[in-house]
Amino acid sequence: MKIFIDPGHGGPDPGAVGNGVTEEFVNLNVSLELARLLRDAGFDVRLYRTTSDDGVLENKNADLRNRAAQANSWGADYFISIHTNSSERPAAQGVEAYVYRLGTASERLAQSIVDSVSDELGSINRGVMQANFAVLRRTNMPAVLVELGYLTNATEALNLNSPAWQRAVADAIFQGIVNYTGYPV
Ligand SMILES: [Zn+2]
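Residues numbered from 1 in each chain as written. Predicted model: local features only at pLDDT ≥ 70, side-chain atom pairs only at ≥ 80, totals over all residues. Heavy atoms only, no water.

Asker: Which parts of the structure should I look at to understand the environment of proline 14?
Answerer: For proline 14, the position within the fold is in the loop between strand S1 (2-7) and strand S2 (17-18). For the pair proline 14 and asparagine 59, spaced 45 residues apart in sequence, the C-alpha to C-alpha distance is 13 Å. Once residues lying within four places of it in the same chain are set aside, the contact partners of proline 14 are His9, Thr22, Glu23 and Glu24. (Helix = DSSP H or I, 4+ residues; strand = E, 2+ residues; numbered from the N terminus. Contact = heavy atoms within 4.5 Å.)

Take a look at the structure:
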């Protein structure tokens, strides 16, 4: 079973910044750990980037199209985009996920991931919502964009920056994927 992992942002685009923590690095660390867990369990995994910037295109829209195109051309079974959130409200916190259409396999996978993260890490479960994001719209397979937590929330920023928490959330995402897909055989 092929899983394409998209660590959000990178290259010229650091993503959100809050409480001194930068999104692209959180996304990358969690994605690398998630890839390791999935490979150990027998999944076939590709990452869009494995450093801050390798392969990331300068033009943001072209880069987003490229992320989806790579997953499509590889024939991925599932597409998982890892992001970290920000808000004008410092109190905003919790895990949420986005899919292109509700009532689909994408939504069921997203719910499984969000529920696992909330159960394992104690994060507030903000549920699964619809969004017209390019990586979700342009991918041909079930696709989920997870927002792990809010960098603009002081407590969550500490967690998101912690290697131990990053490993724990990767494990929770992994469990959410396995709960939905089963282990590959
Ligand atoms: Zn992001």
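Asker: For this particular structure, what's the right way to read the coordination of the zinc ion?
Answerer: In ideal tetrahedral geometry, four donors around a metal make angles of 109.5 degrees, whereas ideal octahedral geometry with six donors gives angles of 90 or 180 degrees. Binding of the zinc ion to the protein goes through His9 (NE2), Glu23 (OE) and His83 (ND1), at separations of 2.1 to 2.2 Å. Of note, the zinc ion draws all its donor residues from one chain, in the sequence arrangement H-x13-E-x59-H. Remark: histidine 83 occurs in strand S5 (residues 78-85) and histidine 9 occurs in the loop between S1 and S2; sequence separation between them is 74 residues. On the basis of relative accessibility, which here comes to 15%, the residue histidine 9 falls in the buried class. (Donors = N, O, S within 2.8 Å, 3.2 Å for Na, K, Ca; no water. Buried < 20%, exposed > 50% of the residue type's maximum accessible area, 1.4 Å probe, protein only.)

Asker: Even after reading the chapter, I still don't get the packing of aromatic side chains, so can you show me in this structure?
Answerer: The geometry of an aromatic ring pair comes down to the distance between the two centres and the angle between the two planes. Scanning the model with the defined rule gives 5 aromatic pairs in all. When the centroid spacing of 5.6 Å and the interplanar angle of 5 degrees are considered together, the rings of phenylalanine 4 and phenylalanine 79 count as stacked. You can see phenylalanine 4 sitting in strand S1 and its partner phenylalanine 79 sitting in strand S5, a full 75 residues away along the chain. Phenylalanine 4 sits in the buried class, given a relative accessible area of 1%. Of the residues examined, phenylalanine 79 reaches a relative accessible area of 0% and is grouped as buried. Here the aromatic rings of tyrosine 78 and tyrosine 180 are separated by 6.2 Å at their centres, their planes lie at 90 degrees, and the arrangement is edge-to-face. Here the residue tyrosine 78 occupies a position in strand S5, and tyrosine 180 occupies one in helix H6 (residues 163-181), the gap between them amounting to 102 residues. Residue classification places tyrosine 78 among the buried residues on the basis of a relative accessible area of 14%. Through pairs of rings, three or more aromatic residues link up here, namely Phe4, Trp74 and Phe79. Cation over ring: arginine 101 sits above tyrosine 100, and NZ or CZ is 4.5 Å from the ring centre. (Phe/Tyr/Trp six-rings, centres within 6.5 Å; stacked < 30°, edge-to-face > 60°. Lys NZ or Arg CZ within 6 Å of the ring centre and 35° of its normal.)

Asker: Is there a simple way to think about the pattern of salt bridges in this case?
Answerer: It is possible for side chains bearing opposite charge to pair when their charged atoms get close. Taken as a whole, this structure holds 7 salt bridges when the rule is applied. With its nearest N and O atoms 3.1 Å apart, the salt bridge here joins lysine 60 to aspartate 13. Highlighted residues: lysine 60 in helix H2 (residues 60-74) and aspartate 13 in the loop between S1 and S2, separated in sequence by 47 residues. One continuous salt-bridge network, built from bridges that share partners, spans Asp6, Asp63 and Arg67. (Salt bridge = Lys/Arg side-chain N within 4 Å of Asp/Glu carboxyl O.)

Asker: How do you make sense of the environment of alanine 110 when you look at a structure like this?
Answerer: Topologically, alanine 110 is positioned in helix H3 (residues 105-121). Sequence separation between alanine 110 and glycine 11 is 99 residues; the distance between their C-alpha atoms is 26 Å. If we ignore the near neighbours within four places in the chain, the residues touching alanine 110 are Ala97, Val99, Val128 and Val144.

Asker: Please explain the side chain of serine 118 as it appears in this structure.
Answerer: Considering the arrangement of structural elements, one finds serine 118 in helix H3. With a relative accessible area of 13%, serine 118 lands in the buried category.

Asker: So what exactly am I meant to see when it comes to the packing of H3 against H6 here?
Answerer: Any two packed helices are characterised by the angle at which their axes cross and by the distance between the axes. Look at H3 against H6: their axes get within 8 Å of each other, and the N-to-C directions meet at 140 degrees. Between H3 and H6, the interaxial angle falls into the category oblique. By crossing handedness, the relation of H3 to H6 is classed as right-handed. Across from Ala105, Arg108, Leu109, Ser112, Ile113, Ser116, Val117, Glu120 and Leu121 in H3, the residues of H6 making contact are Trp165, Ala168, Val169, Ala172, Ile173, Gln175, Gly176, Ile177, Asn179 and Tyr180. Partitioning the contact of H3 with H6 into residue classes produces 12 nonpolar, 5 polar and 2 charged. (Axes fitted to C-alpha atoms, helices over the stretch in contact; angles between N-to-C directions. Parallel < 35°, antiparallel > 145°, perpendicular 65-115°, else oblique. Left-handed = near helix turned anticlockwise from the far one by under 90°. Nonpolar A, V, L, I, M, F, W, Y, C, P; charged D, E, K, R; others polar.)

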